Amino acid sequence: MAETLRVGVLAGSTRPARRARAVAEWICAGPEPGELALDLTVVDLEEVGLPMLAEPEPPAFGRYALEHTKAWAELVAGFDAYVLVSPEYNHSTTAVLKNALDHLYAEWQDKAVGFVGYGTGGGVRAVEHLRGITAELGMAGVGPQVALDIFEDFDDRGRCEPRARQAEARRRMLTGLARWGRSLWGLRPQETLDGERPRLHSPAATDEASTAVERLIETLQGGGDTTDADAYDRMFADDILWGSPYGRTLAGYKQLNEIHHTLMAKRVAPPSRFEPVQILAPAPDVAIAHIRRRALQDGTDGPGFSEMAMYVLIKRNGTWWLAAGQNTPIADPPAAP
Ligand SMILES: Cc1cc2nc3c(=O)[nH]c(=O)nc-3n(C[C@H](O)[C@H](O)[C@H](O)COP(=O)(O)O)c2cc1C
């Protein structure tokens, strides 16, 4: 199951008898968010109650002075993606939504955004303007959008009663948001609340990291099986940092490769099987893996020297390289005194 993406659904109008709140609630209802692992929350700009922007410095400088801006920043930072619900006011979005967007900068960056417009023509001109504004804020606007018609998708008391086809538009928009929202995860530093440890693993980077670790295992296995040190060390970076199982620190491909030539000529390691144990993908192009080398005898676990290694892989110019490794012999722990 994919990790849940927290989505803020901004209700972008605040006048009495507005429709934005009902539209935002309609977006949050329905079966798909659970399937798409989306946690949708209405963020009602009427309740947020931001005054017009009065920060002394541009928000891009990241130094918010006013308490209400700080509170808004904290609320916005808590979401991984957004849906902007906007009516069309004079061929654009609302002042209140533009003001809410203008208040912040870093909090919007590298996040996906979906759009829901409404008006006499589906609010499409409001959404077109929002696409430009959010692009300037570093957001990725998903293509599929919802365009509600105030005559066709609301009842005569202004309640949101979308035609059947709008459910499909909503599903397509949310599907795009889930895909892009999750892909952008790895680009952002993981926000942490005070006193909370960061979770470093980035689900978006997992597949690529797993492929890199598989390739490393194939390389080590191939080099080990043929006792070919150059093949074994093929993915090692020039400035690789290496910890031997007995506490020596080695630095650089040249030194390590010479030692591997000697060890392989003497066949110090028995026939072995390399197996992945766990992988951490903290960011795109970085993989940290625990890989076990088991000594084999006649194809099954053997008595010889086995070890557990911690490896760090980095992708540079499209190619994965081993940046660091630390080997530890697998042995019984010392008996308790
Ligand atoms: C100030 C204002 C300007 C409007 N301009 C447009 C417009 O340019 N295009 C359009 O399709 N509808 C326009 N409308 C109609 C709105 O789309 C419709 O009233 C909608 O319900 C407004 O959203 P709200 O009820 O959430 O405030 C406008 C409404 C207002 C209040």
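Residues numbered from 1 in each chain as written. Predicted model: local features only at pLDDT ≥ 70, side-chain atom pairs only at ≥ 80, totals over all residues. Heavy atoms only, no water.

An unreviewed UniProt entry annotates the chain as NADPH-dependent FMN reductase originating from Actinoallomurus oryzae.

**Section: the UniProt feature "domain: NADPH-dependent FMN reductase-like" (unreviewed entry) in the chain**
Applicable threshold: UniProt positions are given in the numbering used here, feature names are shortened, and annotations may be inferred rather than shown by experiment. Only DSSP runs of H or I with at least four residues qualify as helices, and only runs of E with at least two residues qualify as strands; both kinds are numbered from the N terminus onward.
Taking the UniProt record as the reference, the feature "domain: NADPH-dependent FMN reductase-like" (unreviewed entry) is found at residues 6–151. Secondary structure over residues 6–151 splits into 34% helix and 23% strand, and the C-alpha atoms at its two ends are 32 Å apart.

**Description of the side chain of Asn327**
Cut-off, in case you're wondering: Any pair of residues with heavy atoms lying within 4.5 Å of one another is described as a contacting pair.
Looking at the element boundaries, Asn327 is found in strand E13 (residues 319–329). In this view, Asn327 contacts Trp242, Gly243, Ser244, Pro245, Glu307, Met308, Ala309 and Tyr311; residues no more than four positions away in its chain are not counted.

**Remarks on the packing of aromatic side chains**
Applied cut-off: Two aromatic rings from Phe, Tyr or Trp, using only the six-membered ring of Trp, form a pair when their centres are within 6.5 Å; if the ring planes differ by under 30 degrees the pair is stacked, by over 60 it is edge-to-face, and anything between is tilted. Think of it in three bands: with a 1.4 Å probe and only protein chains considered, a residue is buried below 20% of the maximum accessible area for its type, exposed above 50%, and partly exposed in between. Note on criteria: charge over ring means Lys NZ or Arg CZ within 6 Å of the ring centre, with the direction from the centre no more than 35 degrees off the ring normal.
Considering all chains together, one arrives at 9 aromatic pairs under this definition. On the basis of an interplanar angle of 25 degrees and a centroid distance of 6.2 Å, the ring pair of Tyr246 and Phe305 is categorised as stacked. Of this pair, Tyr246 sits in the loop between strand E7 (236–243) and strand E8 (249–251) while Phe305 sits in the loop between strand E11 (300–301) and strand E12 (307–316), and the two are 59 residues apart along the sequence. Classification of Tyr246 as exposed rests on a relative accessible area of 63%. Among the aromatic side chains, those forming a connected cluster through ring pairs are Tyr232, Phe236, Trp242, Phe274 and Tyr311. Above the plane of the ring of Phe154 lies Arg19, whose end atom (NZ or CZ) is 4.8 Å from the centre.

**Let's talk about the site of the ligand**
Put simply, the rule reads: If even one non-hydrogen atom of a residue comes within 4 Å of a molecule or strand, that residue is called near it. Pairs of N or O atoms within 3.5 Å make up the polar contacts considered here, provided that, within protein, one atom can donate a hydrogen while the other can accept it, and that residues adjacent in sequence are counted only when both atoms are side-chain atoms. Every accessible area reported is derived by Shrake-Rupley at a probe size of 1.4 Å, with residue values counting cover from the shown protein chains alone. The residue classification treats Ala, Val, Leu, Ile, Met, Phe, Trp, Tyr, Cys and Pro as nonpolar and Asp, Glu, Lys and Arg as charged. All others, Gly included, are polar.
Taken together, 15 residues sit near the ligand, with Ser13, Arg15, Tyr89, Tyr118 and Thr120 positioned nearest. Between the ligand and Arg19, the relevant distance is 2.7 Å, taken from an oxygen atom to a side-chain nitrogen or oxygen of the residue. At a separation of 2.5 Å, an oxygen atom of the ligand approaches a polar side-chain atom of Tyr89. Contact with the protein chains removes 77% of the 600 Å² of surface that the ligand exposes when unbound. Classifying every residue of the shell around the ligand by side-chain character gives 5 nonpolar, 6 polar and 4 charged.

**Digging into the pattern of salt bridges**
To keep it simple, the criterion reads: Counted as salt bridges are all cases of a side-chain nitrogen of Lys or Arg within 4 Å of a carboxyl oxygen of Asp or Glu.
By the definition in use, this model includes 21 salt bridges. A salt bridge links Glu25 to Arg21, with the nearest nitrogen and oxygen atoms 2.8 Å apart. A residue pair is termed a helical-turn pair when its members lie 3 or 4 positions apart in one helix, as Glu25 and Arg21 do in helix H1 (residues 20–28) at 4 residues. Judged by its relative accessible area of 40%, Glu25 is partly exposed. The class of Arg21 is partly exposed, set by a relative accessible area of 24%. Counted as one network, the salt bridges with shared partners bring together Arg18, Arg21, Glu25, Asp44 and Glu47.

**Brief notes about the nonpolar core**
Put simply, the test is: Buried Ala, Val, Leu, Ile, Met, Phe, Trp, Tyr and Cys residues form a nonpolar core when they are joined through side-chain atoms within 4.5 Å.
Core analysis: the largest hydrophobic core is formed by 32 residues, its most contacted members being Val83, Val85, Val116 and Leu148. At the level of secondary structure, the elements contributing two or more residues to this core comprise strand E1 (5–11), H1, strand E2 (38–44), strand E3 (81–87), strand E4 (112–119), strand E6 (146–149) and helix H7 (164–184). Here the element with the most residues in this core is H7; it accounts for 6 residues. Grouped together as the second largest cluster of nonpolar side chains are 26 residues, Tyr232, Met235, Ala281 and Leu313 included.

**A few points about the environment of Glu55**
For Glu55, the location among the structural elements is in the loop between helix H3 (45–48) and helix H4 (67–77). Sequence separation between Glu55 and Tyr253 is 198 residues; the distance between their C-alpha atoms is 53 Å. Non-local contacts of Glu55, meaning those with residues more than four positions away in its chain, are made with Arg63, Tyr64, Ala65, Leu66 and Thr69. One polar contact links the side chain of Glu55 to the main-chain amide nitrogen of Ala65, over a distance of 2.7 Å.

**As for the domain arrangement of the chain**
Rule in force here: Start and end positions for the domains come from either an automated domain assignment or a database one.
Entries for the chain in the domain assignment read domain 1 (5–187) and domain 2 (203–329). In this structure, domain 1 and domain 2 have C-alpha centres spaced 47 Å apart.

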